[in-house]
Amino acid sequence: MRLWLAAVGRSRGGPTRDLFDEYVGRLSWPFTLKEVEVKKRLSSDELKRQEAELLLAAVPAGAIVVALDERGKALPSETFAAKIGDWRDRGAGDLAFLIGGADGHGDAVRARADLLLAFGPMTWPHMLVRGMLAEQLYRAQQILAGHPYHRS
């Protein structure tokens, strides 16, 4: 199974990028990061629409899509791991995670998503969310492997 992250915005060096790189480097699943940007000044709705088009175009056709969204469902790590394991066991070739821009996701992303996932009710910096997601993917990998990294 291949993992994809399509995210609005360009990552610069620094602690949040280091965190992301640390956990992506630990993954045994192949991982691809696709960064997208709309450089025009647009209304919020038009910006979200265009970002949604770019995000969806950045992931393979037929991928399982998980959109990180404040209106999504917060899952315990074990449940998240089980969901990934289920997709893997059903033969999913690609699992794509989408992180929207400052105004959130456009309707097309929410409509296409197989899961809307939230990291709790708080708002997080989008670059930090990348690192948090990478850690949770690594944690899921270790849970599925029966490794003691995850202790509850």
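Residues numbered from 1 in each chain as written. Predicted model: local features only at pLDDT ≥ 70, side-chain atom pairs only at ≥ 80, totals over all residues. Heavy atoms only, no water.

*Asks:* Help me understand the layout of surface pockets, please; the structure alone is not making it clear to me.
*Replies:* Over the atoms rolls a probe the size of a water molecule, and in doing so it shows where empty space is left. Of the voids in this model, the largest pocket is the one considered here, and its volume is about 390 Å³. Lining the largest pocket are 22 residues, and of these Leu 68, Asp 69, Glu 70, Thr 123 and His 126 sit closest to its centre. Secondary structure elements with two or more residues in the lining of the largest pocket: strand E3 (64–73) and helix H5 (126–144). The dominant element in the lining of the largest pocket, judged by the number of residues it contributes, is E3, at four residues. Residue composition of the lining of the largest pocket, grouped by class: nine nonpolar, seven polar and six charged. (1 Å grid on protein atoms, 1.4 Å probe; cavity = no way out; pocket = protein on both sides within 12 Å on 5 of 7 lines; lining within 4 Å. Points joined across faces, edges and corners; volume = space filled by probe spheres on them. Helix = DSSP H or I, 4+ residues; strand = E, 2+ residues; numbered from the N terminus. Nonpolar A, V, L, I, M, F, W, Y, C, P; charged D, E, K, R; others polar.)

*Asks:* Can you walk me through the nonpolar core in this structure?
*Replies:* A general feature of soluble globular proteins is that nonpolar side chains tend to end up buried together. Core analysis: the biggest nonpolar cluster contains 28 residues, and Phe 80, Ile 84, Trp 87, Leu 95, Phe 97 and Leu 137 have the highest contact counts within it. Elements with a minimum of two residues in this core: strand E1 (2–8), helix H1 (15–26), E3, helix H3 (77–89), strand E4 (94–99), strand E5 (115–117) and H5. Among the elements that make up this core, the one with the highest residue count is H5 (six residues). Aside from chain neighbours lying at most four places away, what touches Phe 80 is Leu 75, Phe 97, Leu 117, Leu 133, Gln 136, Leu 137 and Ala 140. Core analysis: the next-biggest nonpolar cluster, separate from the first, contains 15 residues, Ala 6, Ala 96, Leu 98 and Val 109 among them. (Core = buried A, V, L, I, M, F, W, Y, C linked by side-chain atoms within 4.5 Å. Buried < 20%, exposed > 50% of the residue type's maximum accessible area, 1.4 Å probe, protein only. Contact = heavy atoms within 4.5 Å.)

*Asks:* Which parts of the structure should I look at to understand the packing of aromatic side chains?
*Replies:* The description of two aromatic rings rests on the distance between their centres and on the angle between their planes. Tallied over the full model, the rule gives four aromatic pairs. With centroids separated by 5.8 Å and ring planes inclined at 65 degrees, the aromatic side chains of Phe 20 and Phe 31 adopt a geometry described as edge-to-face. Here Phe 20, found in helix H1, pairs with Phe 31, found in strand E2 (residues 31–36); they are eleven residues apart in sequence, far enough to count as distant. Exposure remark for Phe 20: the relative accessible area of 5% places this residue in the buried category. A ring pair is formed by Tyr 23 and Tyr 138, whose centres lie 6.0 Å apart and whose planes are at 45 degrees; its orientation type is tilted. In this pair, Tyr 23 sits in helix H1 while Tyr 138 sits in helix H5, placing the two residues 115 residues apart along the sequence. Looking at Tyr 138, the relative accessible area reads 10%, which means it is buried. Ring pairs connect the aromatic residues Tyr 23, Tyr 138 and Tyr 149, which therefore count as one cluster. (Phe/Tyr/Trp six-rings, centres within 6.5 Å; stacked < 30°, edge-to-face > 60°.)

Without other data, these values stay purely geometric and don't point to any function.
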